[in-house]
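Working through the structure, step by step
As a plain string of letters, each chain reads:
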Amino acid sequence: MDEFVNLKETELRLGLPGTDNVSEEIERVSCNKRALQGDTENETESSMMKMETCPPRKAQIVGWPPVRSSRKNIIQTKKNESDSEGGRGVYVKVSMDGAPYLRKIDLSCYKGYKELLKALEIMFNFSVGEYFEREGYKGSDFVPTYEDKDGDWMLIGDVPWEMFVCTCKRLRIMKGSEAKGLGCGV
Amino acid sequence: MPEDDEDQSPPSDLRSQPPCSPNKSRNCISSSSSQTFPDHVLENVLENVLQFLDSRCDRNAASLVCKLWWKVEGLTRSEVFIGNCYALSPARLTQRFKRVRSLLLKGKPRFADFNLMPPDWGANFAPWVSTMAKAYPWLEKVDLKRMFVTDDDLALLAESFPGFKELVLVCCEGFGTSGIAVVANKCRKLKVLDLIESEVTDDEVDWVSCFPEDVTCLESLAFDCVEAPINFKALEGLVGRSPSLRKLRLNRFVSLEELRRLLLLGAPQLTSLGTGSFSRGDQSDEQGPPDYAAAFRACKSVVCLSGFRELMPEYLPAILPVCANLTSLNFSYANISPDMFKPIIHSCHKLQIFWALDSICDEGLQAVAATCKELRELRIFPFDPREDSEGPVSELGLQAISEGCRKLESLLYFCQRMTNAALIAMSHNCPELTVFRLCIMGRHRPDHVTGKAMDEGFGAIVKNCKKLTRLAVSGLLTDQAFRYMGEYGKLIRTLSVAFAGDSDMALRHVLEGCPRLQKLEIRDSPFGDVALRSGMHRYYNMRFVWMSACSLSMGCCKDVARAMPNLVVEVIGSDDDDENREFVDTLYMYRSLDGPRKDAPQFVTIL
């Protein structure tokens, strides 16, 4: 994977929320840590402050907008059928060893492994370490894995991104000794 | 149409000890009367009178008069409403009310619908059905909302209540087609089987064939949410032998052609129709396309139309013959463009309830405003429910509706852009509003014309809509909006807040200013311990408080739990490394007469 430093997150910009194009998955917007003094008079100022303390927009928040899944699913099916891209709305479950319940994310929101892993790190509050082609992930107890269409558990990052999006059924962030069994390039 | 709990009354007094002192029990007739009637005569008289009381509100009030009235009211109440299944135990229900024939029971809080609560949280129907099986063999009606119901529960229900007539399951889960089959088969007096927005597993059981073979008592059959194919031939037979059938809501596995056949069978009696998929497979039409409009012409009594689950738009005009009679129309599963929509709505002069997707655009809403002068309830759902999707409806549509539909009482509106001006206009144009739920899908989005917060708009709504009982807010909101709510929202019973407010003061305004507040659900807002403490004088008078992703500390939650012993304080979803978390993930608290529940799963901590 190419290493590049993503400066967008810390970039200060003027603009209303919603104009940032970086796609990132977060569990909750940490806007409760905002400290606004009195009434907000200058809207651009407050939106700047929001962008400082909160991750960039276009994040898929759990349960927002508040539309029941029975409505979402049906419409999603129609969208997938009519969508020529075909890659839209690839929802997979993500579990992490030790976490009480699952999350669901949309893989099509990410352009590559780096974004995906960053999002997972934020979502589950952990660190994934560094990826090495031969040795897998080093520097962390957690190993991101996924189950592919054949039912095999693979290390995230081993196959090209597009292939991953097509074949991934669900993700699991393994912890500790279980993870050691998964090397790379099995 | 389903959805929503506009219960008007304060909670039933279910305390086991009557509230008044004993010496009042004989003063019911006349304190100066020379004759003293024995208790049982008084009781009989009272019973005969109280049995005419239907309203929950009236009954609750009557039960507080004196010990005798409390007792007799308990004997004569036949319909019981329980807004929170964990507010009391089933045993208490059966002790207090002896002759219940109908039960309405609600379980999970509404935010559970949006994946904010892990599955297996609770709200099990099992203890209720097993207790009632022994206590109320004459039970006729069960209406559940957001409860976890298993097939075994349904089987027990079907076996225990020989006179059972009505089963309504709204937003429930935990059961499948096999449970439905047992109910269909064993409840011989069944009049109503309504499955609404529930999750039903496909056990591959042909439940439609399980209805008894003779003439049935069925009046209403709704299975539009059942995601499983059905035996159409059996359904045809069932409709054919159900002369009392008035309401039929089909699922998407019933094609347009099959619908046509059903309508030709039983259309004249139907008052409510859910049309199924409203599409057809690739069948060749030997003699040209079938005349679907003829089938709808036969529907002389249909006033409520829904379905269109997989709509093929070219067939939509077939419904035109019924449009003039419609009082309720639900297009919320159909992606209909303005051009398709306008000719249809143009004929719907009597429409009072209208649900649709935002695909009809502002243009479609303008058409509604021009025609539907009797509109009471409007719900616009997003076709693309994401924060950053294109929004085909905006303040323009809302403005048009407010000008054209002056009798509007209930609004649910999803959009991407809104202005304060439109809300202010609506607050003046629609004084009958009791329910106002606006969801601006982009979080923290301000008025897109002025760039200001949405405070003034929502402020106008609470100030001018004097009958407002339910409010859901969104967009960029400062504490000022909440100041308005506290000052003017005197009748508000239900309040939903998400990504709003600046500080604890916002929540304080609401807790201190809204005396009728019953249900409070808040997510992702900067409200903390100070705010939580400020409401302690209110929590016993509320049904529940939900706060997730706010700034509440565990310590404060524990303090509240300690100070209020009849309040069950649940903290949901903490991780293993508890100490590292600064704030509580989710707080869900509610009053209870019988203490904390015993069925809480591992991820729930009851303080």
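Just so you know, these numbers come straight off a predicted model, no measurement behind them.

Of regular secondary structure, chain A possesses five helices and seven strands. Mapped from its N terminus to its C terminus, chain A presents α and β elements in the order α-α-β-β-α-β-β-β-β-α-β-α. With 186 residues in all, chain A has 47% of them scored as buried. Long-range pairs, those at least 24 residues apart, make up 55% of the contacts in chain A between residues at least 6 apart in sequence.

Helices and strands together make up the secondary structure of chain B, namely 20 helices and 23 strands. For 607 residues, the compact-globule estimate of 2.2 N^0.38 gives 25 Å, and the C-alpha radius of gyration of chain B, at 26 Å, lies within 12% of that figure. When each of the 607 residues of chain B is scored for burial, the buried share is 60%. Considering only contacts within chain B whose residues lie at least 6 apart along the sequence, 72% involve residues at least 24 apart. Accessible surface computed for chain B: about 23,300 Å², of which carbon and sulfur atoms make up 51%. Counting 70 positive and 80 negative side-chain charges, chain B places the centres of these two groups 8 Å from one another.

This part covers the UniProt feature "domain: Transport inhibitor response" (unreviewed entry) in chain B. The UniProt entry lists residues 98–144 of chain B under the feature "domain: Transport inhibitor response" (unreviewed entry), expressed in the numbering used here. Secondary structure across residues 98–144 of chain B divides into 21% helix and 19% strand, with the first and last C-alpha atoms of the span separated by 20 Å.

Below, the discussion takes up the packing of aromatic side chains. Residues and elements named next belong to chain B. For the structure on display, the rule yields 27 aromatic pairs over all chains. With a centroid separation of 6.1 Å and an interplanar angle of 75 degrees, the aromatic rings of Phe436 and Phe458 are classed as edge-to-face. Of this pair, Phe436 sits in strand 16 (residues 435–440) while Phe458 sits in helix 16 (residues 455–464), and the two are 22 residues apart along the sequence. Members of the aromatic cluster, joined through ring pairs, are Tyr86, Phe111, Phe114, Trp121, Phe544, Trp546, Tyr588 and Tyr590. The ring of Tyr333 has Arg309 sitting right over it, with the charged end atom 3.7 Å from the ring centre. For the cation-ring pair, Arg443 lies above Phe499, with the distance from its terminal atom to the ring centre recorded as 5.3 Å.

Here Val393(B) is to be found in the loop between strand 14 (377–381) and helix 14 (395–404). Ignoring any residue separated from it by four or fewer positions in sequence, one finds Val393(B) in contact with Asp358(B), Cys361(B), Asp362(B), Leu365(B), Ile380(B), Tyr413(B), Phe414(B), Cys415(B) and Gln416(B).

Residue and element names in this part refer to chain B. You can see Arg59 is positioned in helix 2 (residues 56–63). Looking at Arg59, the relative accessible area reads 4%, which means it is buried. Residue contacts for Arg59: discarding those within four places in its chain leaves Leu50, Gln51, Leu53, Glu73, Thr76 and Arg77.

Here the focus is the UniProt feature "domain: COI1 F-box" (unreviewed entry) in chain B. Per the UniProt record, "domain: COI1 F-box" (unreviewed entry) is found at residues 39–78 of chain B. Along residues 39–78 of chain B, the helical share is 75% and the strand share 0%, with 22 Å between the first and last C-alpha atoms.

Residue and element names in this part refer to chain B. For the structure shown, the criterion picks out 41 salt bridges over all chains. The salt bridge involving Arg77 is made with Glu73; its shortest N-O contact spans 2.8 Å. Each member of the pair, Arg77 as well as Glu73, is classed as buried. The salt bridge involving Arg146 is made with Asp113; its shortest N-O contact spans 2.8 Å.

The subject of this paragraph is unusual backbone geometry. In the segment running from Trp64(A) into Pro65(A), the intervening peptide bond is cis, with an omega of -5 degrees. Tracing the backbone through its elements, the reader meets Pro65(A) in the loop between helix 1 (43–53) and helix 2 (69–82). Despite not being glycine, Ala549(B) has its phi angle at roughly 55 degrees, a positive value. Examined against the element boundaries, Ala549(B) turns out to sit in the loop between strand 20 (544–548) and helix 20 (554–563). What makes Ala549(B) buried here is its relative accessible area of 7%.

Residue and element names in this part refer to chain A. Overall, mixed pairing links the five strands, which are arranged 2-1-7-5-6 in an open sheet. Of all strands in the sheet, those with a lone pairing partner are strand 2 (103–106) and strand 6 (153–155), marking the two edges. Direction aside, neighbouring strands of the sheet carry axes that sit 30 degrees apart on average. Here strand 5 (residues 142–148) pairs with strand 6 via three bridges, running antiparallel. Opposite Tyr146, over in strand 6, you have Met154 as the bridge partner. Here helix 3 (residues 113–124) sits on the sheet and contacts strand 1 (91–96), strand 2, strand 5 and strand 7 (168–175); the angle it forms with strand 2, its principal contact strand, is near 155 degrees.

We now examine helix 20 of chain B. All names here are of chain B. Those residues of helix 20 that fall on the buried side of the exposure criterion are Cys556, Cys557, Val560 and Ala561. Each buried residue of helix 20 sits inside an arc of 140 degrees when the element is viewed along its axis, so together they form one side. Where helix 20 is buried, its residues touch helix 19 (529–534), strand 21 (567–572) and strand 22 (586–591).

On to the packing of helix 5 (residues 126–135) of chain B against helix 6 (residues 151–160) of chain B. A pair of packed helices is captured by two measures, namely the crossing angle of their axes and the spacing between those axes. Residues and elements named next belong to chain B. Contact geometry of helix 5 with helix 6 gives a least axis separation of 10 Å together with a crossing angle of 15 degrees. Relative to helix 6, the element helix 5 is oriented roughly parallel. Crossing geometry of helix 5 relative to helix 6 is assigned as left-handed. Only Asp153, Leu156, Leu157 and Ser160 of helix 6 make contact with helix 5, whose side of the interface consists of Ala126, Val129, Ser130 and Ala133. For the contact of helix 5 with helix 6, the residue count by class is five nonpolar, two polar and one charged.

The next point concerns the confidence of the model for chain A. On average, residues of chain A score 65 in pLDDT, and 52% of them are at 70 or above. Contacts of residues 18–58 of chain A to residues separated by more than four positions or lying in other chains number 89 contacts, the stretch itself having pLDDT below 50.

This brings us to helix 12 (residues 338–345) of chain B. Residues and elements named next belong to chain B. Residues of helix 12 that are buried: Pro338, Phe341, Ile344 and Ile345. Buried residues in helix 12, looked at end-on, bunch into an arc of 130 degrees, giving them a common side. Along its buried surface, helix 12 packs onto helix 11 (320–323), strand 12 (328–331), strand 13 (353–357) and helix 13 (361–371).

All names here are of chain B. Between helix 8 (residues 232–240) and helix 9 (residues 256–266), the shortest axis-to-axis distance is 9 Å and the interhelical angle comes to 15 degrees. Regarding the angle of helix 8 to helix 9, the classification is roughly parallel. In this structure, helix 8 meets helix 9 at a crossing whose hand is right-handed. Here Phe232, Leu235, Glu236, Val239 and Gly240 of helix 8 lie close against helix 9, whose contacting residues are Glu258, Arg261, Leu262, Leu265 and Gly266. Considered class by class, the residues forming the contact of helix 8 with helix 9 number five nonpolar, two polar and three charged.

With that out of the way, let us pick up the confidence of the model for chain B. Residue and element names in this part refer to chain B. On average, chain B scores 90 in pLDDT, and the residues at 70 or more come to 91%. Low pLDDT (under 50) marks residues 1–13, which in the prediction has 49 contacts with non-local residues, meaning those over four places away or in another chain. Across the interfaces of the predicted complex, the ipTM metric reaches 0.84, alongside a pTM of 0.76.

Parameters and conventions
- Residues numbered from 1 in each chain as written.
- Chains lettered and ligands numbered in written order.
- Predicted model: local features only at pLDDT ≥ 70, side-chain atom pairs only at ≥ 80, totals over all residues.
- Heavy atoms only, no water.
- Helix = DSSP H or I, 4+ residues; strand = E, 2+ residues; numbered from the N terminus.
- Buried < 20%, exposed > 50% of the residue type's maximum accessible area, 1.4 Å probe, protein only.
- Contact = heavy atoms within 4.5 Å.
- Rg over C-alpha atoms; globule rule 2.2 N^0.38 Å.
- Areas by Shrake-Rupley, 256 points an atom, 1.4 Å probe, with all protein chains shown as cover.
- Lys, Arg positive; Asp, Glu negative; His and termini not counted.
- Charge placed at Lys NZ, Arg CZ, Asp CG, Glu CD.
- UniProt positions renumbered as here; feature names shortened; annotations may be inferred.
- Phe/Tyr/Trp six-rings, centres within 6.5 Å; stacked < 30°, edge-to-face > 60°.
- Lys NZ or Arg CZ within 6 Å of the ring centre and 35° of its normal.
- Salt bridge = Lys/Arg side-chain N within 4 Å of Asp/Glu carboxyl O.
- Pairing = 2+ DSSP bridges.
- Axes fitted to C-alpha atoms, helices over the stretch in contact; angles between N-to-C directions.
- Arc of directions from axis to C-beta.
- Parallel < 35°, antiparallel > 145°, perpendicular 65-115°, else oblique.
- Left-handed = near helix turned anticlockwise from the far one by under 90°.
- Nonpolar A, V, L, I, M, F, W, Y, C, P; charged D, E, K, R; others polar.
- pLDDT = per-residue confidence, 0-100.

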